[in-house]
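The primary structure of each chain is shown beneath.
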Amino acid sequence: MEEVYSLHIAFRKMNTVTVSTSSFRKCIHCGNSVSASLRSDFCCNGCKLIYELLNKRGLAQYYSLKAKTESLRKPLPAFDPISDYTYLDSPESLKIYSWSDTSDPSHRWMEFYLEGVHCAACVWLTEKVAEFVDDVRQIRLNLGTSIATVKVGTLGSFSEVAQEFLKMGYRPHPIQKGMTDLLQKKETRTLLVQLGVAGACAGNIMLLAISLYGGVEGDLAHHFKWVSFILFLPVITYSALPFYKSALNSLKSKQASIDIPIVFGILMGTVASIFNLAIGSNRIYFDSLSTLIFLLLATRYLLRRTQQLTLSTSHLAHFLVPATVRKWDPISEQIEDVLLDQIAPGDLIQVRAGESIPVDGEIIEGSSSINNALLTGESEPKIVHIREKVYAGTVNLYSPLVIKVSQSGLSTRLGKILKSIDEMLNRKSKIISYADRISRIFVLFVVGISITLLIWGTQGNWYEGINRSLALAIVTCPCTFALATPLAFSLSLGKLAKAGILVKGAETLEKLNEVRSIFFDKTGTLTKGTFQVIEWISQESPQDKMETEQAVYALEIHSNHPIAKAITDYFSLLSRPIHEEVVHFQENIGRGVSGTFRGNLYEIKRSNLQNSNTAVSVYKNHLKVGDFLLGDEIRPFANETIQNLRKLGLRPWILSGDTNSATLALADRLGISPMSCIGESSPEIKKEVLASHPFSIMVGDGANDAIALATAHVGVAMQSGIEVSMKAADIYLATPHISSLYHLVIISKETLKVVRRNFYFSLLYNGVAATAAVLGKIDPLFAALLMPMSAIIVFLSSISGTRKMRQSFQELSV
Amino acid sequence: MSIIYLLLPMALLLGFGFLGAFIWMSAKGQYDDLETPPYRLLIEDENSNLKNAINTSVTRKES
């Protein structure tokens, strides 16, 4: 019977003609492409719900605004609202997350990181939320950091605001008060002021210098020279501070840094200029030096701002378990809500269906199925009974459980993982950047200076000797190189962010050049991570089919099983589901559901696996009327991406928590050798594997990969549980396209190529200029011309990038 | 040309006045978010008084 059935299915598949529409559809709400088999205007139920909500509330202006504006980054499909934010209103939470201005105690503030905000329309929509919740005074969204600042009055509820954000399709993550790196903000502001001072002074000095080039003489020249010196003082004492600090730190720790030769060049130039000023000579370089400092600060500021576009993650709360738990008191036989902190080992708590388990413990009462995805990455639920262990962070799916607490808080398995991440991140050594490494060459030039000075000095012409060697010091300063490098990085980082690839910093791009292997997690990384309906084959007439579909939807909506979710998602986009009453609903854990709908008895049961896909059959009054084929789809282009990465010289591995057989099966489909396949890996094993393969990339998602992400040379988190992934990983992919990994690697290699190109040019320039200095040909006018010329050349070099880089960015923006 | 001894300090004073304003604005946080304000410009408030005034005056002209 089974063989006939599979043949039947195969025959049906063969005869299905793939209708390719003339243009692929785009979701009306988020703009992502819609799977052709769905024949819907939306990519997911979340987007559809939001579309309806916005229209109902008269907010359809969102779509016209969106059409008018440019997206800052790729939009994410909307989430289905399933979270509960009521904990935010409790006094304990308010202490952690919200604050008040001392001058204005009647108002409270809280900040949220919003996933998925990408354009002006999102700004408008987010800030409109203030109109839908009582007593919200102001909401302001920062599009660059995706942080929304909310101000409420005494009656305002932050949990309602959070719920509204969620309804609009932006999953909110509360940020602990005071953690938005106030220090960083202050430093950025200081840098901006230093930049402004340098710019103001440089401009004015330049005006005076032009007159000096023009040939002004006498008293006026003398006064102009002194005024330019006075204008130079703020620059050399205040604006140049960042360079002094960095150079001092590097000298103290005996490390190389590009700032050392820069500081030397600037100081020598200042000394030379002051010396010449005092003796009345024309060889003063205040204009060049101040402009140089201004430009150096400018590119550094730009890089700093670009790096802030990705979240600095220290302030995302670890919100993986609920804040309050239901404690069961066996003596009084009552349940009371208590804070998680107040639970001790040995206490009994109750966890209902759909809630996440807050502690490690043992089941005292009840049987259920648990979603262990957070710890193992696999979404197939596991059935548990009395006396079995359960862990914090997993989700109880089927029925209530009473659990005896064995560990809570940081001593749970999850808590240990989180602590481990922090440790790994602290230990992660910072690489010495390319710029700093080659600064040694420039230091060599400096040594050459001293020698020149000596030679001239011994020839008796001290004045000329000092001047020439000081001029040498100025021109051998690696300034143009130091200008162009931050620029190259910030351009790449910015464009990557726009494509949905959030990279934490310039050094991550450098690290990507050193990697030799790439480890992929299986579920959620190489595959989409959830059950999805691949095919729904009905054996009935269209009319009956529609009724069956409605019945199936009405039944499956009562179950928390991933298969039920997949089926309800599938139908919610196709037909218009009706919420009619289902009589005698019954669920068999992990096996299926049954119930009576409009007089007919429907049973939806799992049947045998069809070549590694899950099959579910629908029976109406004991007769089979249809089949679902479900599976965890491999992400599109995964195969191609892996082959491409191989061509780049990276060895691909699969590192999965799933069974060895499933892992090998996937490896086979993707062309990865079985020797590069490690299955049944717990988070701890993953960490060990990565520790034994330095110079690797780890690509993963969720908390079960988090330690691995933190251990790897470069950790890439796929679109998933944000809090832990963003903290542990160096790169966060806000796009579901796995092919962006390939482009990412190319872009980092090309960016380094640009930096190296700048370096060689810089060497050339310095060589030529050094010769001119030694020959005595550097006068202030010459220096003032030479510097901007070379600066422009390296700027252009950084901006144009390389051809491969432009190609990759082109492909990413499609 | 001695007028330059008056003009130059005045010009510098003006310039540094602006620098002072820049420093004050930066301290007040005006430059903390440079990405969002450009997007805010594109948002039209449908119920703004100005828009209503323009609309009513237009309809009045037409009638």
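Predicted, not measured: the structure shown is a model, and the values here were computed from it.

A tally of regular secondary structure across chain B gives three helices and zero strands. Within chain B, the proportion of its 63 residues that are buried is 16%. Of the roughly 5,000 Å² of accessible surface on chain B, 67% is carried by carbon and sulfur atoms.

All names here are of chain A. With their axes 8 Å apart at the nearest point, helix α10 (residues 259–279) and helix α15 (residues 462–475) run at an angle of 145° to one another. The handedness of the crossing between α10 and α15 comes out as left-handed. Note on element contacts: α15 touches α10 through Tyr 463, Asn 467, Leu 470, Ala 473 and Ile 474, opposite Phe 264, Gly 265, Met 268, Gly 269, Val 271, Ala 272, Phe 275, Asn 276 and Ile 279.

The next subject is the side chain of His 713 of chain A. All names here are of chain A. Relative to the elements of secondary structure, His 713 occurs in the loop between α24 (706–711) and β26 (714–717). A distance of 2.8 Å separates polar atoms of two side chains, one belonging to His 713 and the other to Glu 514. If sequence neighbours within four positions are ignored, His 713 has contacts with Lys 428, Ile 431, Lys 511, Glu 514, Val 515, Phe 695, Ser 696 and Asp 730.

Glancing now at the nonpolar core. All names here are of chain A. Leu 496, Phe 520, Ile 697 and Leu 741 are the most contacted members of the largest nonpolar core, which has 112 residues in total. Ranked by residues supplied to this core, first place goes to helix α26 (residues 740–774) with 13 residues. Discounting residues that sit within four places of it in the chain, Leu 741 has contacts with Ile 518, Phe 520, Thr 641, Leu 645, Val 699, Val 716 and Leu 733. Ranked by size, the runner-up nonpolar core spans 50 residues in total, among them Leu 125, Leu 141, Val 150 and Val 152.

All names here are of chain A. What the seven strands build is an open sheet, ordered β15-β27-β26-β25-β16-β23-β24; its pairing is mixed. Looking at which strands have only one partner, the edges of the open sheet turn out to be β15 (501–503) and β24 (677–678). Across two bridges, the pairing between strand β23 (residues 651–655) and β24 is parallel. Counterpart to Leu 655 in the pairing with β24 is Ile 678.

A word on the confidence of the model for chain A. Low-pLDDT portions of the prediction should not be read for the details of their coordinates. Residues of chain A with pLDDT of at least 70 account for 91%, and the chain-wide mean is 82. Contacts for the low-pLDDT stretch residues 1–22 of chain A, under 50 throughout, to residues beyond four places or in other chains number 13 contacts.

What follows is about the sheet that holds strand β11 (residues 382–384) of chain A. Across a sheet, paired strands are connected by hydrogen bonds in the backbone, their directions being either parallel or antiparallel. Residue and element names in this part refer to chain A. Read across the sheet, three strands follow the order β11-β10-β13 without closing on themselves; strand pairing throughout is antiparallel. The outermost strands of the open sheet, each flanked by one partner alone, are β11 and β13 (395–396). In this sheet, β11 lies alongside strand β10 (residues 368–371) in antiparallel orientation, the contact comprising three bridges. Following the sheet pairing, Ser 369 is matched in β11 by Ile 383.

Another aspect to go through is the interface of chain A and chain B. Each partner contributes residues to the interface: chain A has 36 residues there, and chain B has 24 residues. Taken together, the two surfaces of chain A and chain B that pack against each other cover about 2,500 Å², and 63% of this comes from carbon and sulfur. Per-residue buried area on chain A facing chain B is highest for Gln 61, Arg 189 and Arg 305 of chain A; these three make up 21% of the total on that side. At the junction of chain A with chain B, the criterion picks out two salt bridges. Of the charged contacts, one joins Glu 127 of chain A and Arg 40 of chain B as a salt bridge, the two residues approaching to 2.4 Å between their closest N and O atoms. Of all the secondary-structure elements, those providing two or more residues to the side of chain A that touches chain B are α3 (61–68), α5 (120–128), β3 (136–142), α7 (182–214), α8 (218–239) and α11 (286–308) of chain A. The element best represented in the side of chain A that touches chain B is α7 of chain A, accounting for 10 residues.

Residues and elements named next belong to chain A. Inspection of the entire model under this criterion finds 18 salt bridges over all chains. With its nearest N and O atoms 3.0 Å apart, the salt bridge here joins Lys 128 to Glu 131. Residue Glu 131 is classed as exposed on the basis of its relative accessible area, which comes to 57%. Measuring nitrogen to oxygen at the nearest pair gives 3.0 Å for the salt bridge that ties Glu 187 to Arg 304. One end of the pair, Glu 187, is in helix α7; the other, Arg 304, is in helix α11, with 117 residues separating them in the sequence. We classify Glu 187 as partly exposed; its relative accessible area is 40%.

Calculation rules
- Residues numbered from 1 in each chain as written.
- Chains lettered and ligands numbered in written order.
- Predicted model: local features only at pLDDT ≥ 70, side-chain atom pairs only at ≥ 80, totals over all residues.
- Heavy atoms only, no water.
- Helix = DSSP H or I, 4+ residues; strand = E, 2+ residues; numbered from the N terminus.
- Buried < 20%, exposed > 50% of the residue type's maximum accessible area, 1.4 Å probe, protein only.
- Areas by Shrake-Rupley, 256 points an atom, 1.4 Å probe, with all protein chains shown as cover.
- Axes fitted to C-alpha atoms, helices over the stretch in contact; angles between N-to-C directions.
- Left-handed = near helix turned anticlockwise from the far one by under 90°.
- Contact = heavy atoms within 4.5 Å.
- Polar contact = N/O pair within 3.5 Å; in protein donor to acceptor, adjacent residues only side chain to side chain.
- Core = buried A, V, L, I, M, F, W, Y, C linked by side-chain atoms within 4.5 Å.
- Pairing = 2+ DSSP bridges.
- pLDDT = per-residue confidence, 0-100.
- Buried area = accessible area lost by both parts, 1.4 Å probe.
- Salt bridge = Lys/Arg side-chain N within 4 Å of Asp/Glu carboxyl O.

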